Amino acid sequence: MNYKIIECIKELNSFEGNLFVYSLSYALLLTIPPAMIVIVFSFRWIDLNINEIVDVLALFIPDEVLYPFIDFLVNENKNSIFGSMITTFISLFLSSRSIYSFLLIASRYEKIEYPKWSLRLFSIYEFICIYLYGMICVIVNVLFFDSLGISFLVYFSASFIGFYLFYHLCTFRLREWTYGLLGALFSTISIYFVGLLFFKIVRYFTNYENVYGPLSSIMLLFLSVFVISMIIYFGYILNNKFTENKNEEYRKNTFFHLCVKIEKTISKRYTNESRN
């Protein structure tokens, strides 16, 4: 047990582990604005109180960054439905960048090669699944549990199930049902404590505001995203170290196999044309 935990920490601090965390952090930073656009527009379309999700986002994004951007989106012209739809679809594509980054990490870790464009398409599908799951959880909470005062339990449970599904979707092997449980539990608890304590600790025990001045909020956002990326990747490592079975076969994914065939066909045609 202790040996495996030490191995997980070593892998997280390795050169490749640091590279993966930096890559995931960068992808998450690029994901935040378009993801917020999708969320705000979705709440506007189904006429839900935007404060329901803003309170959650405020745990991880500094107020000075979050609220001006939310106000800007909320006060945008609501009459342009076509423009809102285009913006939402573009934002969905951009928001899936973080999942694409994680799929690249998983494919390299599991030593499997699929065309990168196929991973990019799959990341869009996976983000839409996670997005719909999140929206369903919010709607269910608003309709049935919000008045009971147990929103925390609902969102905690939803986050655990969401991370469990996420880790399963981001693996290319046939895993047992227990795969992802440990990583999902670790990620859910850790990110909850990050949201609960991170900004308080940084603001009261460091001098970020004195050093960076007006840019302190942006620096805190960078730091928050980096910590969350580290937690998500460490959860992935925990899953692989504690529940991985080396005899597991790769999934027979029809989509990826079709993409491999398409790329091979195009490559052969290109080779034949270049020879002629």
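A short tour of the structure in this document, coming up. (Residues numbered from 1 in each chain as written. Predicted model: local features only at pLDDT ≥ 70, side-chain atom pairs only at ≥ 80, totals over all residues. Heavy atoms only, no water.)

Some words on helix 1 (residues 2-13)
The terminal C-alpha atoms of helix 1, which comprises 12 residues, lie 17 Å apart, in line with the 16 Å expected from a rise of 1.5 Å per residue. Buried within helix 1 we find C8, E11 and L12. The arc enclosing the buried residues of helix 1, seen along the axis, measures out at 100°, which places them on a common side. Away from its buried face, by an angle of more than 90 degrees, helix 1 presents the exposed residues N2, Y3, K10 and N13. (Helix = DSSP H or I, 4+ residues; strand = E, 2+ residues; numbered from the N terminus. Expected span 1.5 Å × (residues − 1). Buried < 20%, exposed > 50% of the residue type's maximum accessible area, 1.4 Å probe, protein only. Arc of directions from axis to C-beta.)

Points about a nonpolar patch on the surface
Together, W117, L121, F255, L258, I262 and I266 make up an exposed nonpolar region whose accessible area comes to about 530 Å². Counting residues per element, the ones that place at least two in the nonpolar patch are helix 7 (116-145) and helix 12 (254-275). Per-element accounting of the nonpolar patch gives the leading share, 4 residues, to helix 12. Tracing the backbone through its elements, the reader meets W117 in helix 7. Judged by relative accessible area, W117 falls into the partly exposed class, the value being 36%. (Patch = residues over 30% accessible without salt bridge, like charges linked within 9 Å, V, L, I, M, F, W, Y side chains within 5 Å. Areas by Shrake-Rupley, 256 points an atom, 1.4 Å probe, with all protein chains shown as cover. Salt bridge = Lys/Arg side-chain N within 4 Å of Asp/Glu carboxyl O.)

Quick look at empty space enclosed by the protein
All told, the structure shown has 1 cavity of 30 Å³ or more when counted by the stated rule. Approximately 60 Å³ is the volume found for the largest cavity. Taken together, the residues of the lining of the largest cavity sort by class into 6 nonpolar, 2 polar and 1 charged. (1 Å grid on protein atoms, 1.4 Å probe; cavity = no way out; pocket = protein on both sides within 12 Å on 5 of 7 lines; lining within 4 Å. Points joined across faces, edges and corners; volume = space filled by probe spheres on them. Nonpolar A, V, L, I, M, F, W, Y, C, P; charged D, E, K, R; others polar.)

Observations regarding the nonpolar core
With 62 residues, the main nonpolar core has L66, F102, F172, I232 and Y233 as its most contacted residues. Setting aside residues up to four positions removed in sequence, F172 forms contacts with L103, A106, S107, E110, I112, Y114, L119, Y250, R251 and F256. (Core = buried A, V, L, I, M, F, W, Y, C linked by side-chain atoms within 4.5 Å. Contact = heavy atoms within 4.5 Å.)

Re the environment of I5
Positionally, I5 belongs in helix 1. Among the residues examined, I5 registers a relative accessible area of 32% and is labelled partly exposed. In the structure, I5 is positioned 232 residues away from I237 in sequence and 9.7 Å away in space, judged by C-alpha atoms.

Focus: the packing of aromatic side chains
For the coordinates displayed, the defined rule picks out 18 aromatic pairs. Ring geometry for Y109 against Y236: centres 5.5 Å apart, planes inclined by 75°, an arrangement best described as edge-to-face. In this pair, Y109 sits in helix 6 (residues 97-109) while Y236 sits in helix 11 (residues 216-243), placing the two residues 127 residues apart along the sequence. Classification of Y236 as buried rests on a relative accessible area of 0%. Considering the side-chain rings of Y192 and F193, the 5.5 Å spacing of their centres and the 65° angle between planes classify their relative orientation as edge-to-face. Three or more aromatic residues joined by ring pairs make a cluster, and in this case those are F20, F102, Y109, F163, F166, Y167, Y233 and Y236. (Phe/Tyr/Trp six-rings, centres within 6.5 Å; stacked < 30°, edge-to-face > 60°.)

Quick look at the packing of helix 2 (residues 15-45) against helix 6
Look at helix 2 against helix 6: their axes get within 7 Å of each other, and the N-to-C directions meet at 160°. As judged from the angle between their axes, helix 2 and helix 6 are roughly antiparallel. In this structure, the crossing between helix 2 and helix 6 has a hand that is right-handed. Of the residues in helix 6, those touching helix 2 at E16, L19, F20, S23, L24, A27, L28, L30 and T31 are R97, S98, S101, F102, I105 and R108. (Axes fitted to C-alpha atoms, helices over the stretch in contact; angles between N-to-C directions. Parallel < 35°, antiparallel > 145°, perpendicular 65-115°, else oblique. Left-handed = near helix turned anticlockwise from the far one by under 90°.)

Description of the pattern of salt bridges
As enumerated under the stated definition, the model contains 2 salt bridges in all. E11 serves as the salt-bridge partner of K241, at 3.3 Å between the closest nitrogen and oxygen. Here K241, found in helix 11, pairs with E11, found in helix 1; they are 230 residues apart in sequence, far enough to count as distant. With relative accessibility at 29%, the residue K241 sits in the partly exposed group. Between R108 and E16 there is a salt bridge, and its shortest N-O distance comes to 3.2 Å. One end of the pair, R108, is in helix 6; the other, E16, is in helix 2, and 92 residues separate them in sequence.

As for helix 4 (residues 63-74)
When the terminal C-alpha atoms of helix 4 are compared, their 16 Å separation across 12 residues agrees well with the 16 Å that a helix rising 1.5 Å per residue should span. If you check which residues of helix 4 are buried, you get L66, I70 and L73. An end-on view of helix 4 places all buried positions within 65° of arc, on one side of the element.

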